[in-house]
Structures are given as C-alpha cells and as structure tokens.
Amino acid sequence: VAQALETHLTKGLSTAASQDQKRLDVFGTNIYEKPPLRHFCSHCWEQLQDPMLIILIIAGLIAVVVGSIHHPEDGWIEGLAIQFAVVIVVNVGAF
C-alpha cells in the first residue's frame, strides 16, 4: 500500500512540490463539501406535511367557524388556540 501511494513507512509523505501537485491531480483535495443550507420555510413546509398537524389545522378552522356561530363574542377563541398550538409545533419542529 505504501508503494502504491508513494509514501515512506517511517517518514510519511515527501515534501517535494511536484509530488504534492501530482497527488492533488490523482486523489483530489481532502476537503469535505458541505451541502447547501435549507431555508427555514422549507423545514416548516416539511413539518406541515404531518397528517396529525393537517387534522389539527382543519379541526381548528372548524372550531373557529362553529364557535363563532354559536357564541359570536368569544366562540372563536378555542379554534384560535388550536391554530396557535399548530404554529408552535411547526416552529419547534423546524428547528
């Protein structure tokens, strides 16, 4: 293996510049390329694909409508609380 890589077992790699360029051409750089960062909105969208959250969103909308019909003054509060809980869950899950 040491001969194939042109190294010395006790001294390691040579310090010749020509050898360095040859190694770069053959093996490439030893740098890990980081994947591009995803936007926060894409993480939120991924969280919103959860079936339970979809059910909660629909239930919250229904609660707002039904609560507003039966109790116009404050019937919408329960549905709004459900929507607020969904927003919190999505934001926590996106981080």
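For clarity, every value in this text was computed on a predicted model and none was experimentally measured. (Residues numbered from 1 in each chain as written. Predicted model: local features only at pLDDT ≥ 70, side-chain atom pairs only at ≥ 80, totals over all residues. Heavy atoms only, no water.)

Running from N to C, helix 3 (residues 51-70) and helix 4 (residues 77-94) point in directions that differ by 155°, and their axes come no closer than 7 Å. By the angle class used here, helix 3 and helix 4 are roughly antiparallel. The element helix 3 and its partner helix 4 pack so that their crossing is left-handed. In contact with L53, L56, I57, G60, L61, A63 and V64 of helix 3, helix 4 contributes G79, L80, I82, Q83, V86, V89 and V90. (Axes fitted to C-alpha atoms, helices over the stretch in contact; angles between N-to-C directions. Helix = DSSP H or I, 4+ residues; strand = E, 2+ residues; numbered from the N terminus. Parallel < 35°, antiparallel > 145°, perpendicular 65-115°, else oblique. Left-handed = near helix turned anticlockwise from the far one by under 90°. Contact = heavy atoms within 4.5 Å.)

Let us now look at the pattern of salt bridges. In total, this model carries 1 salt bridge according to the counting rule given. Here R38 and E46 are joined by a salt bridge, their closest N and O atoms 2.7 Å apart. When its relative accessible area of 45% is taken as the criterion, E46 is described as partly exposed. (Salt bridge = Lys/Arg side-chain N within 4 Å of Asp/Glu carboxyl O. Buried < 20%, exposed > 50% of the residue type's maximum accessible area, 1.4 Å probe, protein only.)

What follows concerns the nonpolar core. Membership of the largest hydrophobic core is limited to 5 residues, which are C44, L53, V86, V90 and A94. If one sorts the elements of this core by residue count, helix 4 sits on top with 3 residues. With residues near it in sequence (within four places) discarded, V86 still touches L53, L56 and I57. (Core = buried A, V, L, I, M, F, W, Y, C linked by side-chain atoms within 4.5 Å.)

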